[in-house]
Amino acid sequence: MNDKIQKRLNQIQAENNIWIIYLIIIGLSFYSNYLEKDYFLNKNEQSKEKYRKLNIIIFTTLTAVYYYFEKEAITSVQEKDKTKTQEKYDNLALIASTLILISGIIFLYIVIVDKDIEEEVAFN
């Protein structure tokens, strides 16, 4: 098996692991929403603090995943021997992954700074 195929198989395995991380994040997000609802309905301060901490964990994890995709996009842009079309799509993928990473950092900042959970942070 050549190096390109092995590299792609490794990327696919990493992506499969990221899908598992996303599934865990979805479950944590459901629980986070439950805690948020409990806080708003019952003014349960413990639920508020658990909600905040859980969201910090969720968005820290997402930002780490976004960083992984950013690194992969940078590596793809730096590879040689590509067609013009591949080069164009690699550049577009780098722009997209950079913007997603920036959005993850912004959302993480919001959940860390907003101690009163006044701002709704959507998991998109």
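Going by the structure above, here's the rest.
Criteria and thresholds
- Residues numbered from 1 in each chain as written.
- Predicted model: local features only at pLDDT ≥ 70, side-chain atom pairs only at ≥ 80, totals over all residues.
- Heavy atoms only, no water.
- Axes fitted to C-alpha atoms, helices over the stretch in contact; angles between N-to-C directions.
- Helix = DSSP H or I, 4+ residues; strand = E, 2+ residues; numbered from the N terminus.
- Parallel < 35°, antiparallel > 145°, perpendicular 65-115°, else oblique.
- Left-handed = near helix turned anticlockwise from the far one by under 90°.
- Nonpolar A, V, L, I, M, F, W, Y, C, P; charged D, E, K, R; others polar.
- Phe/Tyr/Trp six-rings, centres within 6.5 Å; stacked < 30°, edge-to-face > 60°.
- Buried < 20%, exposed > 50% of the residue type's maximum accessible area, 1.4 Å probe, protein only.
- Patch = residues over 30% accessible without salt bridge, like charges linked within 9 Å, V, L, I, M, F, W, Y side chains within 5 Å.
- Areas by Shrake-Rupley, 256 points an atom, 1.4 Å probe, with all protein chains shown as cover.
- Salt bridge = Lys/Arg side-chain N within 4 Å of Asp/Glu carboxyl O.
- Contact = heavy atoms within 4.5 Å.

**Student:** Tell me about the packing of helix α1 (residues 3-42) against helix α2 (residues 45-78), and please be specific about residues and values.
**Tutor:** Where α1 meets α2, the closest approach of the two axes is 9 Å, and the angle between their N-to-C directions is 160°. Classed by the angle they form, the pair α1 and α2 counts as roughly antiparallel. Note that α1 runs across α2; the crossing there is left-handed. Partitioned by chemical class, the residues of the contact of α1 with α2 number 17 nonpolar, seven polar and eight charged.

**Student:** Provide a residue-level description of the packing of aromatic side chains, including the pertinent values.
**Tutor:** In this description, an aromatic ring pair is defined by two values, namely the gap between the centres and the angle between the planes. As enumerated under the stated definition, the model contains five aromatic pairs in all. Relative to Y34, the ring of Y31 has its centre 6.1 Å away and its plane inclined at 20°; by these criteria the two rings are stacked. Here Y31 and its partner Y34 are both found in helix α1, three residues apart, which amounts to about one turn of the helix. Given a relative accessible area of 52%, Y34 falls into the exposed group. Between F59 and F107, the aromatic rings sit 5.8 Å apart at their centres with planes inclined by 45°, giving tilted as the arrangement. In this pair, F59 is assigned in helix α2 and F107 in helix α3 (residues 84-113), connecting sequence segments 48 residues apart. The exposure class of F59 is buried, given its relative accessible area of 5%.

**Student:** So what about a nonpolar patch on the surface? Which residues, and what values?
**Tutor:** A cluster of nonpolar side chains, namely Y89, L92, I95, L99, I102 and I106, defines an oily patch on the protein surface of about 610 Å² accessible area. Mapped onto the fold, I95 is located in helix α3.

**Student:** Tell me about the packing of α2 against α3, and please be specific about residues and values.
**Tutor:** It is at 8 Å that the axes of α2 and α3 come closest, and there the two elements cross at 160°. The angle between α2 and α3 falls in the class roughly antiparallel. Crossing geometry of α2 relative to α3 is assigned as left-handed.

**Student:** Summarise the environment of I21; cite the residues concerned and give the values.
**Tutor:** Topologically, I21 is positioned in helix α1. Classification of I21 as partly exposed rests on a relative accessible area of 31%. Expressed as a C-alpha distance, the spacing of I21 and N55, which sit 34 residues apart in the sequence, is 15 Å. Setting aside chain neighbours within four positions, we find I21 in contact with T61 and V65.

Nothing here speaks to function; it is geometry throughout.
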